[in-house]
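# Inside the fold
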Amino acid sequence: MVGCQLINKNKAAGLVQLLWISAILFTMNAQAQPYDLLIRNGQVIDPKNNIEAKMDVGIRDGKIAKVAGSIPSGQATKIIDAAGLIVSPGLIDMHTHVFVGSKPETFADGFLSVSPDDFTLKAGVTTVVDAGTSGWRNFPVFKEHVIDKSKTRVLAFLNIAGNGMSGSPAEQDVNDMDAFLTSLMVKKNPDIIVGVKIGHYEGSDWAPFDKAIDAATKSNTPLFVECHLPQFSLEEQLKKMRPGDIITHSFEKIEERMPVTDEQGKLRPFVIEAQKRGVLFDLGHGGAGFWFAVAVPALKQGFMPNSFGSDLHRFSMNAGMKDMMNILSKYMAIGMSLEEVIKRATWNTAKAIHREDLGSLSEGNVADITLILVKDGHFGFTDAGGNVLQGSQKLEAEMTIRAGKIVWDLNGLSATRFIPVTSK
Ligand SMILES: [Zn+2]
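Predicted, not measured: the structure shown is a model, and the values here were computed from it.

## Regarding the overall build of the chain
On a plain count of helices and strands, the chain comes out with 11 helices and 16 strands. Judged by the C-alpha coordinates and their principal axes, the chain covers about 100 × 50 × 45 Å. The 424 residues of the chain split such that 53% are buried. Contacts in the chain between residues far apart in sequence, at least 24 positions, make up 72% of those at least 6 positions apart. As displayed, the chain offers around 18,900 Å² of accessible surface, 55% of which is attributable to carbon and sulfur atoms. Of the charged side chains in the chain, 44 are positive and 47 negative, and the gap between their average positions amounts to 7 Å.

## Side note on the sheet that holds strand 8 (residues 125-135)
What the seven strands build is an open sheet, ordered 6-8-9-10-11-12-13; its pairing is parallel. Lying at the two open borders of the sheet, with one neighbouring strand each, are strand 6 (91-96) and strand 13 (280-281). Note that strand 10 (residues 193-199) and strand 11 (residues 223-226) share four bridges and pair parallel. When the bridges of strand 11 are listed, Ile198 appears paired with Val225. Where helix 5 (residues 207-218) meets the sheet, it contacts strand 10 and strand 11, and its direction lies at approximately 170 degrees from that of strand 10.

## A closer look at unusual backbone geometry
Each neighbour pair has its own omega, and for Ser168 with Pro169 the value is 5 degrees, a cis peptide bond. Take Pro169: it is sitting in the loop between strand 9 (153-159) and helix 4 (179-188). Positive phi outside glycine occurs at Lys322, with the angle close to 65 degrees. Judged by its relative accessible area of 40%, Lys322 is partly exposed.

## Concerning the packing of helix 4 against helix 5
One can describe the packing of helix 4 onto helix 5 by two numbers: an axis separation of 8 Å at closest approach and a directional angle of 35 degrees. The two elements helix 4 and helix 5 meet at a crossing, and its hand is right-handed. Contact residues: helix 4 offers Ala179, Phe180, Thr182, Ser183 and Lys187, while helix 5 offers Lys211, Asp214, Ala215 and Lys218. For the contact of helix 4 with helix 5, the class distribution of residues is three nonpolar, two polar and four charged.

## Here we look at the coordination of the zinc ion
His95 (NE2), His97 (NE2), Glu226 (OE) and Asp311 (OD) make up the full set of protein donors to the zinc ion, lying at 2.1 to 2.4 Å. On the primary sequence, the residues serving as donors to the zinc ion are separated as H-x1-H-x128-E-x84-D. Of this pair, His97 sits in the loop between strand 6 and strand 7 (100-103) while Glu226 is found in strand 11, placing the two residues 129 residues apart along the sequence. The burial state of His97 is the same as that of Glu226; both residues are buried.

## As for the pattern of salt bridges
Two side chains that carry opposite charge are able to pair once their charged atoms sit near each other. Tallied over the full model, the rule gives 13 salt bridges. Measuring nitrogen to oxygen at the nearest pair gives 2.9 Å for the salt bridge that ties Asp245 to Arg242. The exposure class of Asp245 is buried, given its relative accessible area of 1%. In this structure, a network of salt bridges that share partners links the residues Arg153, Asp368 and Arg402.

## Side note on the nonpolar core
Grouped together as the largest cluster of nonpolar side chains are 82 residues, with contacts concentrated most on Phe209, Leu238, Phe251 and Tyr331. In terms of residues, this core owes the most to one element, helix 9 (residues 324-333), which gives six residues. If near-sequence neighbours (up to four positions away) are discounted, Phe251 is found in contact with Val260, Leu283, Gly289, Phe290, Trp291, Val294, Ala295, Ala298, Phe303, Pro305 and Tyr331. Ranked by size, the runner-up nonpolar core spans 19 residues in total, among them Ile39, Ile51, Leu371 and Ile401.

## Things to note about helix 7 (residues 269-277)
Taken residue by residue, helix 7 has Phe270, Val271 and Ala274 as its buried positions. Projected down its long axis, helix 7 carries its buried residues within an arc of 105 degrees, all on one side. For helix 7, exposure combined with an orientation more than 90 degrees from the buried face picks out Pro269 and Lys276. Buried residues in helix 7 make contact with helix 6 (234-240) and strand 13. Phi turns positive one or two residues past the end of helix 7, at Gly278, with a value near 110 degrees.

## Concerning the packing of aromatic side chains
Overall, the coordinates contain 12 aromatic pairs when judged by the stated rule. Here Trp206 and Phe232 contribute two aromatic rings whose centre-to-centre distance is 3.9 Å and whose plane-to-plane angle is 10 degrees, an arrangement assigned as stacked. Taken together, the residues Trp206 in the loop between strand 10 and helix 5 and Phe232 in the loop between strand 11 and helix 6 connect sequence positions 26 residues apart. Of the two residues examined, Trp206 and Phe232, each falls in the buried class.

Analysis parameters
- Residues numbered from 1 in each chain as written.
- Predicted model: local features only at pLDDT ≥ 70, side-chain atom pairs only at ≥ 80, totals over all residues.
- Heavy atoms only, no water.
- Helix = DSSP H or I, 4+ residues; strand = E, 2+ residues; numbered from the N terminus.
- Buried < 20%, exposed > 50% of the residue type's maximum accessible area, 1.4 Å probe, protein only.
- Contact = heavy atoms within 4.5 Å.
- Areas by Shrake-Rupley, 256 points an atom, 1.4 Å probe, with all protein chains shown as cover.
- Lys, Arg positive; Asp, Glu negative; His and termini not counted.
- Charge placed at Lys NZ, Arg CZ, Asp CG, Glu CD.
- Pairing = 2+ DSSP bridges.
- Axes fitted to C-alpha atoms, helices over the stretch in contact; angles between N-to-C directions.
- Left-handed = near helix turned anticlockwise from the far one by under 90°.
- Nonpolar A, V, L, I, M, F, W, Y, C, P; charged D, E, K, R; others polar.
- Donors = N, O, S within 2.8 Å, 3.2 Å for Na, K, Ca; no water.
- Salt bridge = Lys/Arg side-chain N within 4 Å of Asp/Glu carboxyl O.
- Core = buried A, V, L, I, M, F, W, Y, C linked by side-chain atoms within 4.5 Å.
- Arc of directions from axis to C-beta.
- Phe/Tyr/Trp six-rings, centres within 6.5 Å; stacked < 30°, edge-to-face > 60°.

Below you can see the structure in the form of structure tokens.
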């Protein structure tokens, strides 16, 4: 018995020793590899932090842990070689319609919206803002069915119409536009709802517009104005808007709203004045919202959109808009620099929606990152008027990382190289 106890004691001592050695090795290993993912050799463009340089980005626990000139490769579990690629904050799309559902004729819970993950990740987009497809009544359905189920971060402007974009007559019912209940829903969901939207109203009174401003004021958020308000002149709308409010479809040239430029392509003075005052202009490309005849002369006169909302929905993505990468490339074709287009799809948008925790590669931020390939060649970009403009560069989303996880990898940068077994 004594001998047996002695053997057990020795065994126990050996086990303790083994555990100690394992613990030390584990600690050493953890110290040696503090990053889950390391993106090396890429050209970082981070407008918020004024970075345009070759840098490495270390990611740990889904967050950006370090951005530095060189991070040794031995310090990471997985390494992505981003040589020749741009490393950008994950893109934010300011204007989308993603409250997808089965109703055939509507955007709200309907077939006219699209499922975000199907179109965002492959275009380098990690965050979308839904432009008022839901209102205070049906936001909970939107949250449960889409927002909570998507890999893409889905934020939202809440429509002043109680049921959002449910078509007529619901969208025309002024009695169902409630500033108090709208602001209450915004306040109840501060991590998701970033503002209030007005749009698609055909009446001639200002009540919906005023109620939307009231709801935005009550919830201390920006107002998002999506035209389709044919009775209100552009000048009147801009006048009512507060600094920090956002108007979309900035380069539209259709019957129902006056373009920002006049017949000679000259910017209207009240438009320049509004932007100076702090009103923000979102691109809002959509199916009919972007015309070279307006955007090109506007850019030549120094008028640039503050953000690059795509107005993604069932009709726009197969027309001239296509996706966010195409919008950025299009603006490069008409004369904007790569740094400027990235700024409008990241930091500018984050600031506009009061989410300064997004849109940059600041250490401590959630690791939403896009790796972009700049392709040289001959490319055509189209607008809503059936015009094409030639460009020599096109951006492509090589890899999209959402909260530290690779969610899109076009050419298998993160995959193990397949080596076929050869028989002798
Ligand atoms: Zn829209």
